[in-house]
Amino acid sequence: MYTSMGWCVARRRFEARPGCVLQAYRFALDPNAGQEGSLRSHCGASRVAFNWAVSWVLAAWHQRAAEATYGVAEGDRTEWRSWSLPALRKAFNAAKRADPRLSWWVENSKEAYNTGLAAAAAAFDNYAKSKRGERKGRRMGVPRRRSKRGARLSCRFTTGAIRVESDRRHVTLPRLGKIRVHENTAKLQRRLSNGKARILSATVSFTGGRWFVAFQVEVERAQDSPRRPAATVGIDLGVKHLAVTAEADGTTAFIANPRHLDAALQHLRNVSRRVSRRQGPDRRTGQVPSRRWLKANAERNKVHHRVVNLREDTIHRFTTGIASEYGTVVVEDLNVAGLLRNRRLARRIADASFGEIRRQLAYKTAWGGGELVVADRWMPSSKTCSGCGAVKAKLPLHARVYACGSCGLVLDRDANAARNLAALVAACSTGTGVAGDQAAEAAKPRRADHKTRTTAGSAAARGRAGGATPAPRDRNEDRPIACNQPRLL
């Protein structure tokens, strides 16, 4: 595939064999001093290869831009440099033998450099796709070099000696040798010995003051079925409650929000104050951190790491229970990035991890034989009455109780939304019009309520007297829902 900025090769994603799934097994490592130095050297080599690739490709871009200002013809300018992984690997192999600054490359595995080159190729691919409008999300800029101090320590191995030892307490990685594992690897080792799994790659990373290894494994997984295949559940995520679930028959359950970060804030303030009062590093003056600062900083990182572990455990327990119980799960297509712009709720929304819950439900329902239905982002699940289908024009966030003006239903706001989501599947198949129907026409084509301004000229055009005013209308007044408003993605 050729772009205006050079050649790039479209990469195909690896697909598991029929009856198999891709699964990650992550274990904490306990390396000794020498092994930790080798791990840091491999991660640093990956960063150096990434920076070299970025500089090598951008050098041609900058040279062509300069030649354009000199009036050089298009055909006479410096040729584009391909950022495909084979091209980067070939150029790097030639440069590392000729450049004396890269004479230390023999100290690390070739996989370390391949990790950085692959990351650079992916970064340029994402930039090109974003520029062409083929990539969702925010527009990506030109790849930049990674800082030595701010870059994440990570390295991926795809070839060589990658195995889990039979003693279930050690793993073997290329050039790093046998490293002790902090946890027992029995679950993975048992599947490998039975021939029901094979390791595709291993990634080492440094997170929260600890080294981890994550194995990407192709695992044979039998197709399971939920305990209630015909049951449907709607899930409304929130901050007051982590989630509110409702079944088609109206059974509602409230899942408490543990708020792990809020519970640890006071402790985090104390240890952060202790860190700030001790001699820390300063790049401007070359000041090195004191031992007391390092000790306090490690204690602060431990608090953050504990919050992360507690949050992950809560989300995994919740999503696993939902996927193993119900055949159909309905969730909302939330704009989490937009919600995080609310400075009053950003911390609690991030702590609830809406996006992570949906991601886990997606693959766990597929593994469990269920189905995940994602409601349309513009579906007014909170404004719609789950009893009669009337829709409120406005429903402020502080109104935690839904009161229908048509049928008199009084219900918790989140429970009402969860019931509407649960009824979405039945409504789309029966065409009742309640809680969404695929076959209908929106009452407002713009699919959102916006404030509009009526001018005197437009009022006169409709035959209304200039001094007349329309009858007042309550902003929270109910209006009937359109029978054919689309709801599903």
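Nothing here was measured: the structure is a model prediction, and the numbers come from that model.

A. Representation of the overall build of the protein in the model. The helix and strand inventory of the protein stands at 12 helices and 18 strands. For the protein, the residues scored as buried account for 39% of the 489 residues in total. By sequence separation, contacts in the protein at least 24 residues apart represent 68% of the contacts at least 6 residues apart.

B. Spotlight on the packing of helix H1 (residues 33-70) against helix H2 (residues 85-98). Contact geometry of H1 with H2 gives a least axis separation of 11 Å together with a crossing angle of 105 degrees. Here H1 lies roughly perpendicular to H2, going by the angle between them. The residues of H2 that touch H1, namely those facing Ala49, Trp52, Ala53, Trp56 and Val57, are Leu88, Ala91, Phe92 and Ala95. Classifying every residue of the contact of H1 with H2 by side-chain character gives 9 nonpolar, no polar and no charged.

C. Structural detail: the sheet that holds strand S12 (residues 252-256). An order of S12-S11-S10-S13-S14 is seen for the 5 strands of this open sheet, with the pairing classed as mixed. Strands with a single pairing partner mark the edges of an open sheet, and in this sheet they are S12 and strand S14 (371-375). Neighbour to neighbour, the strand axes of the sheet diverge by 25 degrees on average, direction disregarded. Pairing of strand S10 (residues 228-237) with strand S13 (residues 326-332), which is carried by 4 bridges, proceeds in the parallel orientation.

D. Highlighting the packing of helix H5 (residues 260-276) against helix H6 (residues 291-325). Axis separation between H5 and H6 bottoms out at 9 Å; the angle between their running directions is 170 degrees. Accordingly, the angle class assigned to the pair H5 and H6 is roughly antiparallel. Contacts between H5 and H6 involve His260, Leu261, Ala264, His267, Leu268, Val271, Ser272, Arg274 and Val275 from the first element and Trp293, Ala296, Asn297, Glu299, Arg300, Val303, His304, Val307, Leu310, Arg311 and Thr314 from the second. Within the contact of H5 with H6, the residues separate by chemical class into 10 nonpolar, 6 polar and 4 charged.

E. How the structure looks around the pairing of strand S9 (residues 210-220). Examined bridge by bridge, strand S3 (residues 20-28) and S9 share 9 bridges and lie antiparallel to one another. Each bridged residue has a counterpart across the sheet, and for alanine 24 the counterpart in S9 is glutamine 216. One ladder, built from 10 bridges, connects strand S8 (residues 197-207) with S9; its direction is antiparallel. Note that in S9 the partner of alanine 202 across the bridge is phenylalanine 215. Once S8 ends, the chain turns through 2 residues before running back antiparallel as S9, passing glycine 208 with a positive phi of about 60 degrees.

F. Here's a closer look at the pairing of strand S11 (residues 241-247). Within S11, 7 of the 7 residues are buried, leaving the element largely enclosed by the surrounding structure. Across 5 bridges, S10 lies against S11 in antiparallel orientation. In the strand pairing of S11, glycine 234 is matched with alanine 246. As judged from the 5 bridges shared by S11 and S12, these two strands associate in the antiparallel manner. Pairing of valine 244 across the sheet is with phenylalanine 254, part of S12. Following S11, the chain reverses through 4 residues before pairing antiparallel with S12; glycine 250 in that reversal takes a positive phi of roughly 95 degrees.

G. Looking closely at H5. Over its 17 residues, H5 extends 24 Å from the first C-alpha to the last, a length consistent with the 24 Å expected when each residue adds 1.5 Å. At glutamine 266, H5 shows its maximal kink, close to 40 degrees. Inspection of H5 places His260, Leu261, Ala264, Leu265, Leu268, Val271 and Val275 among the buried residues, and these make up the whole buried set. Looking at the buried residues of H5, the elements they touch are H6 and helix H8 (346-352).

H. Highlighting the sheet that holds strand S4 (residues 154-157). Read from one edge to the other, the open sheet built from 4 strands follows the order S3-S9-S8-S4, with strand pairing classed as antiparallel. The open sheet has two edge strands with one neighbour each: S3 and S4. Each strand of the sheet is rotated relative to its neighbour by a mean of 20 degrees, with strand direction disregarded.

I. Spotlight on the packing of aromatic side chains. Tallied over the full model, the rule gives 12 aromatic pairs. Aromatic side chains tryptophan 61 and tyrosine 127 sit 6.1 Å apart centroid to centroid with 40 degrees between the ring planes, which places their arrangement in the tilted category. In this pair, tryptophan 61 is assigned in helix H1 and tyrosine 127 in helix H3 (residues 110-132), connecting sequence segments 66 residues apart. Accessibility assignment for this pair places tryptophan 61 and tyrosine 127 in one class, buried.

J. Structural detail: the environment of isoleucine 357. In this structure, isoleucine 357 sits in helix H9 (residues 354-367). Isoleucine 357 gets classed as buried once you look at its relative accessible area, which sits at 1%. Between the C-alpha atom of isoleucine 357 and that of phenylalanine 318, which follows or precedes it by 39 residues, the distance is 8.6 Å. In contact with isoleucine 357, other than residues within four places in its own chain, are Leu237, Leu242, Ile315, Phe318, Thr319 and Ala352.

K. Representation of the environment of glutamate 247 in the model. Along the polypeptide, glutamate 247 turns up in strand S11. In sequence terms glutamate 247 and valine 329 are 82 residues apart; their C-alpha atoms lie 9.7 Å from each other. Here glutamate 247 is in contact with Arg228, Thr232, Tyr326 and Ala422, once residues within four sequence places are set aside. Here the side chain of glutamate 247 touches arginine 228 through a polar contact of 2.8 Å, side chain to side chain.

L. A look at H1. Over its 38 residues, H1 runs 55 Å from end to end, which matches the ideal 56 Å to within 8%, given 1.5 Å per residue. Where H1 starts, the residue carrying a side-chain oxygen 3.2 Å from the main-chain nitrogen of glycine 34 turns out to be asparagine 32. Downstream of H1 by one or two residues, glycine 71 has phi in the positive range, about 90 degrees.

M. Representation of the confidence of the model for the protein. Confidence along the protein averages 84 in pLDDT terms, with 85% of residues attaining 70 or more. Here helix H12 (residues 456-461) stands out as the element of the protein with the lowest mean pLDDT, 40, in contrast to H5, whose mean of 96 is the highest. Overall, residues 430-489 carries pLDDT values under 50, and its contacts beyond four positions in sequence, including any with other chains, amount to 99 contacts.

About the criteria used
- Residues numbered from 1 in each chain as written.
- Predicted model: local features only at pLDDT ≥ 70, side-chain atom pairs only at ≥ 80, totals over all residues.
- Heavy atoms only, no water.
- Helix = DSSP H or I, 4+ residues; strand = E, 2+ residues; numbered from the N terminus.
- Buried < 20%, exposed > 50% of the residue type's maximum accessible area, 1.4 Å probe, protein only.
- Contact = heavy atoms within 4.5 Å.
- Axes fitted to C-alpha atoms, helices over the stretch in contact; angles between N-to-C directions.
- Parallel < 35°, antiparallel > 145°, perpendicular 65-115°, else oblique.
- Nonpolar A, V, L, I, M, F, W, Y, C, P; charged D, E, K, R; others polar.
- Pairing = 2+ DSSP bridges.
- Expected span 1.5 Å × (residues − 1).
- Bend = angle between axes of the 7 residues up to and from the residue.
- Phe/Tyr/Trp six-rings, centres within 6.5 Å; stacked < 30°, edge-to-face > 60°.
- Polar contact = N/O pair within 3.5 Å; in protein donor to acceptor, adjacent residues only side chain to side chain.
- pLDDT = per-residue confidence, 0-100.

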